Amino acid sequence: MNNSFTLDRRNGKIMGVCAGLSNRSGLDVTLIRVAVVLLTLCALGPIGVVAYLLAGWFAED
């Protein structure tokens, strides 16, 4: 089993980060997307956007 985080561009909406997290964790992709949006809007702000972009750029394809 591969332990690295990979993007899922085929099932992704923007960069495939949430779809990749969904594949890795086994959780529903909609739950992951809602959690990312809520965390970014309510808690993290611009740091959440930067973290998402970094995850998309540095994750394996």
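The residue numbering used here restarts from 1 in each chain and proceeds along that chain's sequence as written. Local features in this predicted model are restricted to residues of pLDDT 70 or higher, and side-chain atom pairs are both shown and tallied only at a pLDDT of 80 or more, whereas totals for entire chains, interfaces and linings draw on every residue. Heavy atoms from the whole structure form the basis of all side-chain values; hydrogens and water molecules are not counted.

Named according to an unreviewed UniProt entry, the protein is Phage shock protein C originating from Sphingobium xenophagum.

1. Digging into the overall build of the protein
Defined as follows: Counting from the N terminus, the helices are DSSP H or I runs at least four residues long and the strands are E runs at least two residues long. A 1.4 Å probe rolled over the protein chains alone gives each residue an accessible area, and that area as a share of the maximum for its type sets the label: buried under 20%, exposed over 50%, partly exposed in between. Under the convention used here, Asp and Glu are negative, Lys and Arg are positive, and both His and the chain ends fall outside the count. The location of each charge is read from NZ of Lys, CZ of Arg, CG of Asp or CD of Glu.
Each helix and strand counted, the protein has three helices and zero strands in total. C-alpha atoms of the protein, sized along the principal axes, occupy 35 × 25 × 20 Å. Expressed as a percentage of its 61 residues, the buried residues of the protein come to 26%. With 5 positive and 4 negative side-chain charges, the protein shows a spacing of 4 Å between the two charge centroids.

2. A few points about helix α2 (residues 29–44)
The cut-off we apply is this: Contact criterion: two residues are considered in contact whenever any of their non-hydrogen atoms come within 4.5 Å of each other.
Turning to α2, its buried residues are V29, I32 and T40. In this fold, the buried residues of α2 make contact with α1 (17–25) and α3 (46–58). Within two residues after α2, G45 carries a phi angle of roughly 60°, on the positive side.

3. Some thoughts on α1
In an α-helix, one turn spans 3.6 residues; hence positions three or four apart end up facing the same way. Those residues of α1 that fall on the buried side of the exposure criterion are V17, C18, A19, G20 and S22. Looking at the buried side of α1, the elements it contacts are α2 and α3. G26 lies just past α1 and shows a positive phi near 85°.

4. Focus on the environment of G20
For G20, the location among the structural elements is in helix α1. Judged by relative accessible area, which is 3%, G20 ranks as buried. Through-space distance from the C-alpha of G20 to that of D8 is 4.8 Å; in sequence the pair is twelve residues apart.

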